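Each chain, letter by letter, is given below.
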Amino acid sequence: MTRRDRILKLIVEHFVKTGAPVGSKTLLETYGLGCSSATIRNEMNALENEGFLEKTHTSSGRVPSKEGYKYYVDHLRDEAVDERAKYAIAQILDERTKSVQEVIKESCEILNDLTGLASAVLGPRSDEEKLHSVQIIPLGGNTATCVFVTDKGYVENKTFVLEEGLGMDSIAKSIAIISERLKGTPVSQLPEKMEAMRPILTDYMVGQDVVYRALLSAFVQFARDRMALYGKSELLSQPEFANDAAKTRALLDFLEDPNAVRSAVEDSVEKDGLYVHIGTEEGLEDIAVISSQVNLPGEASTSLSVLGPSRMDYARVAALLRYLSAALDEYFKGGSQQPEWKKEKPAPKTAPNPKKQSSPKKAKKS
């Protein structure tokens, strides 16, 4: 590693830890480097001229630019998973009786706890899966739940209150007709097809408008791109957003729009099996996303992502996400060989708190 690369690496990692601009004096006093302050300043000037560093308005220190972060991710980061993280992941995967949803939820919560950032799981697009069945389940009195199941094994439900006098048998008959006619329909087309069926269903759904509206509402919701987001409060508490109302509003809009999150994930650049996206759009230049594909049963296109400020600890997050994704793949494969995450499971004294674009031009050698 050249001296210029090392200086960039130290600036990125120091800024990640402190959030404060880094000057030559800080580098010299904290890390030594074996050269003069003037030499360090010259190297920092060169890195700034090459677009890897930026000067702030409040001090003479530098902070990494978007290109600097990208170069760091591509060339300079070190990956290591600490024992606490390995233990926490092993705890999740020790129990084989958990559902897929429970395992993914707990995995995302572990990512939140260990990184202090948000995490998201994105399932298949709504045009990539089809409706398998619709069923009605009486709950007693005048309440019932409709259960929707896709060919990928995804389940959604809608509970509603029936009007007095409506018989469960007639409602069940209507649901059976809807299920039969809509089976095999891409999820994205369900609302449109349900509307087109309305005249046909009139004879069967007399007095059952509440059922029809409940189903249509559920299909509209069902057709939206599926995303589960965890740790929003952790992300909002990051200083980049906590102290800037405009950035907070832009971030909230971003997090609440599955299409925006999916777009950021799909626009990511692949690097050694991970996908990295730094700076999503105007107003969200400080957002970064690191993602990994996970092979869930019945779903071929599920991604697990960590969302944070561009000042995130890329080395730690990438290592953790890579390790977790490999562990999940092994877990869901259910292979007979003992997986790596189990072989390496430590026994700490105290349990943890469960809580391309192409690479930038490489820095010149000094």
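Residues numbered from 1 in each chain as written. Predicted model: local features only at pLDDT ≥ 70, side-chain atom pairs only at ≥ 80, totals over all residues. Heavy atoms only, no water.

*Asks:* Help me understand the overall build of the protein chain, please; the structure alone is not making it clear to me.
*Replies:* Helix and strand counts for the protein chain come out as 15 helices and eleven strands. Of the roughly 18000 Å² of accessible surface on the protein chain, a fraction of 47% belongs to carbon and sulfur atoms. (Helix = DSSP H or I, 4+ residues; strand = E, 2+ residues; numbered from the N terminus. Areas by Shrake-Rupley, 256 points an atom, 1.4 Å probe, with all protein chains shown as cover.)

*Asks:* Got a minute to help me understand the nonpolar core in this structure?
*Replies:* Counting 60 residues, the largest nonpolar core has Leu27, Leu304, Tyr314 and Leu328 as the members making the most contacts within it. The biggest single contributor to this core is helix α14 (residues 314–333), with 13 residues. Setting aside residues no more than four positions away along its own chain, Leu27 makes contact with Ile7, Leu10, Ile11, Val22, Gly32, Leu33, Ile40 and Met44. In terms of nonpolar packing, the next biggest core, distinct from the first, is built from 23 residues, Leu182, Val187, Leu216 and Ala218 among them. (Core = buried A, V, L, I, M, F, W, Y, C linked by side-chain atoms within 4.5 Å. Buried < 20%, exposed > 50% of the residue type's maximum accessible area, 1.4 Å probe, protein only. Contact = heavy atoms within 4.5 Å.)

*Asks:* Just to check I follow, could you spell out the sheet that holds strand β4 (residues 131–140) for this structure?
*Replies:* The strands making up a sheet associate through backbone hydrogen bonding, with each pair oriented either parallel or antiparallel. Taken in spatial order, the three strands of this open sheet run β4-β5-β6, and their pairing is antiparallel. Each edge of the open sheet carries a strand with a single partner, namely β4 and β6 (155–161). For this sheet the average axis-to-axis angle between neighbouring strands, irrespective of direction, equals 20°. In terms of strand pairing, β4 meets strand β5 (residues 143–150) through eight bridges, oriented antiparallel. Its bridge partner lying in β5, Pro138 is registered against Ala144. Running over the sheet, helix α7 (residues 168–182) touches β4 and β5 and is turned about 165° from β4. (Pairing = 2+ DSSP bridges. Axes fitted to C-alpha atoms, helices over the stretch in contact; angles between N-to-C directions.)

*Asks:* Please explain the packing of helix α1 (residues 3–18) against helix α2 (residues 24–31) as it appears in this structure.
*Replies:* What describes two packed helices is the angle between their axes and the distance between those same axes. Taken N-terminus to C-terminus, the directions of α1 and α2 make an angle of 95°; their axes are 11 Å apart at the nearest point. By the angle class used here, α1 and α2 are roughly perpendicular. For the pair α1 and α2, contact is made by Arg6, Ile7, Leu10, Ile11 and His14 and by Thr26, Leu27 and Tyr31, respectively. Of the residues belonging to the contact of α1 with α2, the class tally is five nonpolar, two polar and one charged. (Parallel < 35°, antiparallel > 145°, perpendicular 65-115°, else oblique. Nonpolar A, V, L, I, M, F, W, Y, C, P; charged D, E, K, R; others polar.)

*Asks:* What is the right way to look at empty space enclosed by the protein in this model?
*Replies:* Considered as a void within the structure, the second largest cavity measures approximately 30 Å³ in volume. The wall of the second largest cavity is formed by Val73, Arg77, Val276, Ile290, Tyr314 and Ala318. (1 Å grid on protein atoms, 1.4 Å probe; cavity = no way out; pocket = protein on both sides within 12 Å on 5 of 7 lines; lining within 4 Å. Points joined across faces, edges and corners; volume = space filled by probe spheres on them.)

*Asks:* Got a minute to help me understand the packing of aromatic side chains in this structure?
*Replies:* Aromatic ring pairs: the centre-centre distance and the angle between the two ring planes describe each pair. Taken as a whole and assessed by the stated rule, the structure comprises three aromatic pairs. Look at Tyr69 and Tyr314: their rings are 5.5 Å apart centre to centre, the planes differ by 50°, and that puts the pair in the tilted class. Of this pair, Tyr69 sits in helix α4 (residues 66–76) while Tyr314 is found in helix α14, placing the two residues 245 residues apart along the sequence. With centroids separated by 5.2 Å and ring planes inclined at 80°, the aromatic side chains of Tyr331 and Phe332 adopt a geometry described as edge-to-face. (Phe/Tyr/Trp six-rings, centres within 6.5 Å; stacked < 30°, edge-to-face > 60°.)

*Asks:* Mind showing me how you'd approach unusual backbone geometry here?
*Replies:* Residues apart from glycine generally show negative phi values, whereas peptide bonds are mostly found in trans. The backbone of Leu33 sits at a positive phi, close to 75°, despite the residue not being glycine. Position of Leu33 among the secondary structure elements: in the loop between α2 and α3 (37–49).

*Asks:* What exactly am I supposed to notice about the environment of Met312 here?
*Replies:* Here Met312 shows up in the loop between β11 (299–309) and α14. Here Met312 falls in the buried class, since its relative accessible area comes to 2%. Note: C-alpha distance between Met312 and Asp286 (26 residues apart in sequence) is 9.8 Å. Setting aside its immediate chain neighbours within four residues, Met312 contacts Val16, Leu117, Ala288, Ile290, Val306, Leu307 and Val317.

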